[in-house]
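Breakdown of the fold
For reference, the chains in residue letters:
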Amino acid sequence: MSCASPRSLNTRLIASHADGKTARQTPAPAVQRGSTILLESARDIYDTSQQTYGRGGLTTHVLLRDMLAKLENADDVTLYPSGLAAITGAILALTSAGDEVLAVDTIYGPTRRFFEGMLRRFGVTTRYFAPEATADDIAGLLTEKTRLIFLESPGSLTFEIQDVPAIAAMARKAGVLTIIDNSYAAGVLFKPLDHGVDVSVQALTKYVCGHSDAFMGMAAAKGPSVTLLKAAYREVGWMVSPDDAYTAIRGLRTLCTRMAQHAASAQTVATWMQVQPQVRTVLCPALPDDPNHRIWARDFSGINGLVGFEFHPEYADQVEAFLNSLKVFGLGYSWGGFESLAINANPQLKQRVCRDGIETGPLIRLHTGLENVDDLISDLAQAFDGLVVNAESPRTDLQHANAV
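The numbers attached to residues start from 1 for each chain and follow its sequence in the written order. Confidence filtering applies because this is a predicted model: local features only for residues at pLDDT of at least 70, side-chain atom pairs given and counted only at 80 or more, and all residues used for totals across whole chains, interfaces and linings. The side-chain quantities take in all heavy atoms of the structure and omit both hydrogens and water.

**Some details on the packing of helix H3 (residues 83–94) against helix H7 (residues 224–236)**
- The axes used here are C-alpha line fits, helices contributing only the stretch in contact, and every angle between their N-to-C directions lies in the interval 0 to 180 degrees. What counts as a helix is a DSSP run of H or I of at least four residues, what counts as a strand is a run of E of at least two, and both are numbered from the N terminus. Running from N to C, H3 and H7 point in directions that differ by 110°, and their axes come no closer than 8 Å. Taken as axis vectors, H3 and H7 run roughly perpendicular relative to one another. The crossing of H3 and H7 is right-handed. Packed against H3, whose contacting residues are Ala90, Ala93 and Leu94, the element H7 presents Leu228, Leu229 and Ala232 at the interface.
- Ten residue types, Ala, Val, Leu, Ile, Met, Phe, Trp, Tyr, Cys and Pro, are classed as nonpolar, four, Asp, Glu, Lys and Arg, as charged, and the remainder, Gly among them, as polar. Tallied by class, residues from the contact of H3 with H7 come to 6 nonpolar, no polar and no charged. Roughly parallel means an angle under 35 degrees; roughly antiparallel, over 145; roughly perpendicular, 65 to 115; everything else is oblique. Each crossing is labelled by how the near helix is turned from the far one, with a counterclockwise turn of less than a right angle marking it left-handed and a clockwise turn marking it right-handed. Any two residues whose heavy atoms approach within 4.5 Å at even a single point are treated as in contact.

**Some points on the side chain of Ser265**
- Note on placement: Ser265 falls in helix H8 (residues 242–273).
- The residues contacting Ser265, other than those within four sequence positions of it, are Thr368, Gly369, Glu371 and Val373.

**As for the nonpolar core**
- Take the buried residues of types Ala, Val, Leu, Ile, Met, Phe, Trp, Tyr and Cys, join any two whose side-chain atoms come within 4.5 Å, and each joined set is a nonpolar core. For the exposure calls, accessible area comes from a 1.4 Å probe over protein chains only, and a residue counts as buried if that area is under 20% of its type's maximum, exposed if over 50%, partly exposed in between. Ranked by size, the top nonpolar core spans 118 residues in total, and within it Phe115, Ile149, Met273 and Phe322 carry the most contacts.
- Per-element accounting of this core gives the leading share, 12 residues, to H8.
- Other than its neighbours up to four places away in sequence, Phe322 contacts Phe309, Phe311, Leu380, Ala383, Phe384 and Leu387.

**Things to note about the confidence of the model for the protein**
- Each residue carries a pLDDT score, the predictor's own confidence in it, on a scale running from 0 to 100. Averaged over every residue, the pLDDT of the protein is 90; residues scoring 70 or more account for 90%.
- Segment residues 389–404: pLDDT under 50, and 29 contacts once partners within four positions in sequence are set aside and those in other chains are kept.

**Overview of the pattern of salt bridges**
- A pairing counts as a salt bridge when a side-chain nitrogen of Lys or Arg comes within 4 Å of a carboxyl oxygen of Asp or Glu. Counted by the stated rule, this structure contains 12 salt bridges.
- Of the charged contacts in the structure, one is a salt bridge between Asp243 and Arg33, with a shortest N-O distance of 2.7 Å. Pair noted here: Asp243 is in helix H8 and Arg33 is in the loop between helix H1 (9–15) and helix H2 (59–72), with a separation of 210 residues, a long-range link.
- Taking the relative accessible area as the measure of exposure, Asp243 reaches 33% and is therefore partly exposed.

**Some remarks on the sheet that holds strand E4 (residues 146–152)**
- Spatial ordering of the open sheet is given by E1-E7-E6-E5-E4-E2-E3, a layout of 7 strands whose pairing is mixed. Bordering the open sheet on either side are strand E1 (76–80) and strand E3 (125–129), each of which pairs with just one other strand. The average undirected angle you get between the axes of adjacent strands in this sheet is 20°.
- If DSSP finds at least two bridges between two strands, the strands pair. Here strand E5 (residues 177–181) pairs with strand E6 (residues 199–203) via 3 bridges, running parallel. Bridge pairing in E6 places Asp181 opposite Val201.
- Against the sheet, H2 engages E1, E6 and strand E7 (217–221), with an angle of about 120° to E1.
- Across the sheet, H3 is in contact with E1, E4, E5, E6 and E7; its angle to E6 comes to roughly 155°.

So, in structure tokens, the structure goes:
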């Protein structure tokens, strides 16, 4: 009778695991990392109804997807490694060679870059319509090749509001799919799927993660679009890390509280900006005299932290001096984090096709962060005051049309 030899130290260390013991419960979820999933039996390798490889997501990802589905009132959510990846991934999932996309002209610049670059090379064409186009106007643009209408409301940089429910209803009747970039609303201020949109995408990098330290995106859907998104997601091999998924879960816990603070500060800054002598126009749909206010008030529950303002033309040569003199506002792209930011928006406006109504003066976009709003206003005030004294300030190149 022979005795089995004891396992070597090396084998014992590799084979050590929790033996299925349940982890103690904490307010924060456990972060599950892993590429390999250990199967219960050999037959499980053929079972397509269960997860068999880590790229499809583990418990951390499942929790995040469930929370985001609740946020967007969706049947399911797919996760992507950035907001732009969510946009491009969703478009690739819903289009094929020979299709046509109709896109609002005020879309995020890198979205346009994708339309004009890779999507065109893949045989999908894009036409643009003005942000003020009605559902009937867009219906007049449909052809037998039109597969998808891409919306972004409010529009990037200039905050035009589209009549999303009317456009979605028209598209559905015509058999055309709709996608909206819902990053502005962060799933809190507007619920596109409740208004008939097929797919809502978000840059979770912004308000959901909320701390300017993680990239992530998502596409939320109801009905048949869910299957199309999941199939493309698997075919392309998208994946986000469990650690980044954890940061998004953490951000969701405080999202509504942070959004309320961003909105309150943005409203205060926008109202103050209206009476500044250097300012020609303030872009903020919450202001009663904003041309987009009526539809915004009907469809949205609030604003986020973004505010735009147009200088009077006589200050056109002092934009960079103004930006360089800001102390609390940082100079940088993106938004949705805790910090306040400012950029010169004009370089990116040059990409637009429908240019009627675009402001002619220098246009600045502000993101009002979570700092004390009095400090933000003081910072803006000293920068405005400096325009008279420092009119000949050295210029620096802030133009970067391919902003990410």
